[in-house]
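Read off the chains here:
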Amino acid sequence: MTNKNTNHPYRSYFVGLDQEVPLLDGTMQRYINFDNAASTPAFRCAQDAINQFLHYYSSVHRGTGFKSQLSTHAYEQARHTVLNFVGANPQTHTCIFGKNTTEAVNKLSHRFPFTETRNIVLVSGMEHHSNDLPWRSAAKVIHIGLTSDGHLDETNFDNLLDTYQSKVALVAITGASNVTGILNPTHRLAEKVHAVGAQILVDCAQYAPHRRVDMLELDNPAHFDYVTLSGHKMYAPFGTGALVGRRDTFEQGDPEYRGGGEVEIVTLEQVVWSEPPERDEAGSPNTIGAVAMAAAICQLQSVGMDEVARHEAELTSYAIPRLSKIPKLHLYGEMDPARAAERLGVIPFGVDGLSHFLVASILGHEFGIGVRNGCFCAHPYILHLLDVTDELALQVREQIIEGDRREVPGLIRISFGLYNEEDEIDALVEALERIVRGEYRGVYHQDARSGEYHPDGWNIDFDQYFKFC
Ligand code: PMP
């Protein structure tokens, strides 16, 4: 690979970018990671913050020793950093730390004040399962329709709000799709949601590492009531995410997990819960994760979210025309390079006549390029984008139940991070051109149960690269 951009300003901010990995032919190559929509590599500053903090690390809350005081201070500072990052007012909103967005949405689904008459959640058809499935067991879910190219159908959204009006409790929608990178007009939707007296949750797992989030003040009709974040998608993969939400919601009701750290008084008969956010953080928290997440946020803020967006738009507008020219390759979602700044750098594609499982496997084994393939935890959205008929969907469902995933529909997805560069896109394009021409060397066999393709002769001893003791 040629190195046009050796002066890439952000690569030095990350851990592990120069790591070489083995290929099928026995050579080593610098890994290219285009799987940032799944998880990102770590910021060096997050690693450094943890290393520094570990010298003082101790129990948080109520410990009287210096290290406990400092740890409590760091943990609470991390909370403020998150609130500030999403433009939340600490008087009206609270930051509850948890593992990730999945946990955050599940928490809200347990804690949301549904009533007998207000119990509908409108969920978009492009949601990650994490912002869809929790609602199905908590309320009556109605899915908002999509246009054929995968955007939200806002007319359908308007009609649903109009039809169900005061029955709508919440709209749960992603800020950006983790499949197509399409951005939703969330502030405009929020105004409409609030006009019928409902609230809005914006899943920012994919959005927040790439664009500025501004929850706005509660008296602004365009405000967000709740947002979710996942540290591992924002360069802080240390097991922490956050739910930022209205204090008044978390001041009421019982937490879904019960235990230490969230109570004022416990008698054998009675419990008085703490105020938010402690009420919703049962047990000892992941202080290290929170510290890392806050350090990553500081780094993103110092780069500037406008600059993050600019860099990503540049990569996206570079990649789209190059990928589009590859014969047999089809892009999905928003395909106009001139609109690269209006979407995220998440690009899904398929290749005629080649399984997504196979293409992804060849990229990994022969070119050292990490991508994701399949349905990206958004099965309904993928079926919609691929225009899969109900009949075929049913047939595939039956095959899956019988343990055969070979024909599972899906796409290949590349997704950019702050450190990716044009050279890497060139390498990907070259690799895809060769794959399309059949110029790959391995002999691949598909495993029926997983659907994955494995090349003959791939006998890697992972302990050689990493082991515990
Ligand atoms: N929502 C979106 C849009 C996502 O991209 C993801 C992760 N891919 C999730 C929710 C779930 O996040 P987590 O796995 O961190 O819980």
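One can find the structure itself at the top, above this paragraph.
Remember, predicted model here, so these are calculated numbers, not experimental data.

Draft legend 1. Representation of the overall build of the protein within the structure. Helix and strand counts for the protein come out as 13 helices and 19 strands. Computed over C-alpha atoms, the radius of gyration of the protein comes to 23 Å, within 12% of the 23 Å expected from 2.2 N^0.38 for 469 residues, which places it in the range of a compact globule. Principal axes of the C-alpha set define a box for the protein whose edges measure 70 × 55 × 45 Å. For the protein, the residues scored as buried account for 53% of the 469 residues in total. Residue pairs in contact within the protein that sit at least 24 positions apart in sequence constitute 73% of those at least 6 positions apart. Here the protein contributes 39 positively and 61 negatively charged side chains, and the mean placements of these two sets differ by 1 Å.

Draft legend 2. Representation of the sheet that holds strand β13 (residues 329-331) in the model. A sheet is described by the order of its strands in space; here 4 strands give the open sequence β13-β14-β17-β16, paired in antiparallel fashion. Sheet topology places β13 and β16 (372-374) at the edges, where each strand pairs with a single neighbour. Across the sheet, the axes of successive neighbouring strands diverge by a mean angle of 30°, strand direction being ignored. One ladder, built from 3 bridges, connects β13 with strand β14 (residues 346-351); its direction is antiparallel. Residue pairing for β14: L331 is matched across the bridge by F349.

Draft legend 3. View of empty space enclosed by the protein. Inspection of the entire model under this criterion finds 2 cavities of 30 Å³ or more. In this structure, the largest cavity spans a volume of roughly 40 Å³. In terms of lining, the largest cavity is formed by I96, F97, G98, N100, E103, A104, K107, G241, A242 and L243. At the level of elements, β4 (93-98), α3 (101-111) and β10 (241-246) are the ones that each hand at least two residues to the lining of the largest cavity. Among the residues forming the lining of the largest cavity, the class breakdown is 5 nonpolar, 3 polar and 2 charged. When its volume is computed, the second largest cavity comes out at roughly 30 Å³. In terms of lining residues, the second largest cavity is bounded by H210, Y235, V308, H311, E312, G417 and L418.

Draft legend 4. How the structure looks around the packing of aromatic side chains. One pass over the structure, following the stated rule, counts 15 aromatic pairs. Ring geometry for F34 and F416: centres 5.5 Å apart, planes at 70°, overall edge-to-face. With a gap of 382 residues between them, F34 in the loop between β3 (32-33) and α1 (44-53) and F416 in the loop between β17 (411-415) and α13 (422-436) connect regions that are remote in the sequence. Residue classification places F34 among the buried residues on the basis of a relative accessible area of 0%. Both rings, one in F112 and one in F114, keep their centres 4.8 Å apart while their planes meet at 50°; by these two values the pair is tilted. Classification of F114 as partly exposed rests on a relative accessible area of 22%. One aromatic cluster is present, built from ring pairs that chain together F112, F114, W135, Y226 and F250.

Draft legend 5. Region of interest: the pairing of strand β9 (residues 226-230). In terms of burial, β9 is a largely internal element, 5 of the 5 residues being buried. The pairing of strand β8 (residues 199-203) with β9 spans 3 bridges and is parallel. Note that in β9 the partner of L201 across the bridge is Y226. Pairing of β9 with β10, which is carried by 5 bridges, proceeds in the antiparallel orientation.

Draft legend 6. Spotlight on the sheet that holds β8. Pairing is mixed in the open sheet, where 7 strands are placed in the order β4-β10-β9-β8-β7-β5-β6. Edge positions in the open sheet fall to β4 and β6 (140-144), since each of these has one partner strand only. The sheet shows a mean angle of 20° between the axes of neighbouring strands, taken without regard to direction. Running at roughly 155° to β9, α3 makes contact with β4, β8, β9 and β10 of the sheet. Across the sheet, helix α5 (residues 154-164) touches β5 (120-124), β6 and β7 (168-174), and the angle it forms with β6 is around 150°.

Draft legend 7. Inspection of unusual backbone geometry at higher detail. Cis rather than trans, the peptide bond between P276 and P277 has omega equal to 5°. Looking at where P277 falls in the secondary structure, it is placed in the loop between β12 (271-273) and α8 (287-303). Phi is positive for Q165, which is not a glycine, with a value near 30°. Relative to the helices and strands, Q165 is located in the loop between α5 and β7. Exposure remark for Q165: the relative accessible area of 38% places this residue in the partly exposed category. Although it is not a glycine, K328 adopts a positive phi angle of roughly 70°.

Draft legend 8. The arrangement of the nonpolar core in detail. Counting residues in each nonpolar core, the largest one holds 116 residues, and the members touching the most others are L323 and L363. With 11 residues, α8 is the largest single contributor of residues to this core. Excluding anything up to four places from it in sequence, L323 contacts L329, L331, I347, I414, L428, V429 and L432. By size, the runner-up hydrophobic cluster in this structure holds 17 residues, among which are W135, A139, A172 and L243.

Draft legend 9. A look at the packing of α5 against helix α6 (residues 186-195). At their nearest, the axes of α5 and α6 sit 10 Å apart, and the two run at 15° to each other. With respect to α6, the element α5 is oriented roughly parallel. Crossing of α5 over α6 shows right-handed handedness. Along the contact surface, α5 presents E154, F157, D158 and L161, while α6 presents R188, L189, K192 and V193.

Draft legend 10. Just the state of the cysteines, in detail. On inspection of all chains with the given rule, the structure shows 0 disulfides. Residue C95 stays outside any disulfide, its sulfur separated by 13 Å from that of C204, the closest cysteine.

What counts, and at which threshold
Residues numbered from 1 in each chain as written. Predicted model: local features only at pLDDT ≥ 70, side-chain atom pairs only at ≥ 80, totals over all residues. Heavy atoms only, no water. Helix = DSSP H or I, 4+ residues; strand = E, 2+ residues; numbered from the N terminus. Rg over C-alpha atoms; globule rule 2.2 N^0.38 Å. Buried < 20%, exposed > 50% of the residue type's maximum accessible area, 1.4 Å probe, protein only. Contact = heavy atoms within 4.5 Å. Lys, Arg positive; Asp, Glu negative; His and termini not counted. Charge placed at Lys NZ, Arg CZ, Asp CG, Glu CD. Pairing = 2+ DSSP bridges. Axes fitted to C-alpha atoms, helices over the stretch in contact; angles between N-to-C directions. 1 Å grid on protein atoms, 1.4 Å probe; cavity = no way out; pocket = protein on both sides within 12 Å on 5 of 7 lines; lining within 4 Å. Points joined across faces, edges and corners; volume = space filled by probe spheres on them. Nonpolar A, V, L, I, M, F, W, Y, C, P; charged D, E, K, R; others polar. Phe/Tyr/Trp six-rings, centres within 6.5 Å; stacked < 30°, edge-to-face > 60°. Core = buried A, V, L, I, M, F, W, Y, C linked by side-chain atoms within 4.5 Å. Parallel < 35°, antiparallel > 145°, perpendicular 65-115°, else oblique. Left-handed = near helix turned anticlockwise from the far one by under 90°. Disulfide = S-S within 2.5 Å.

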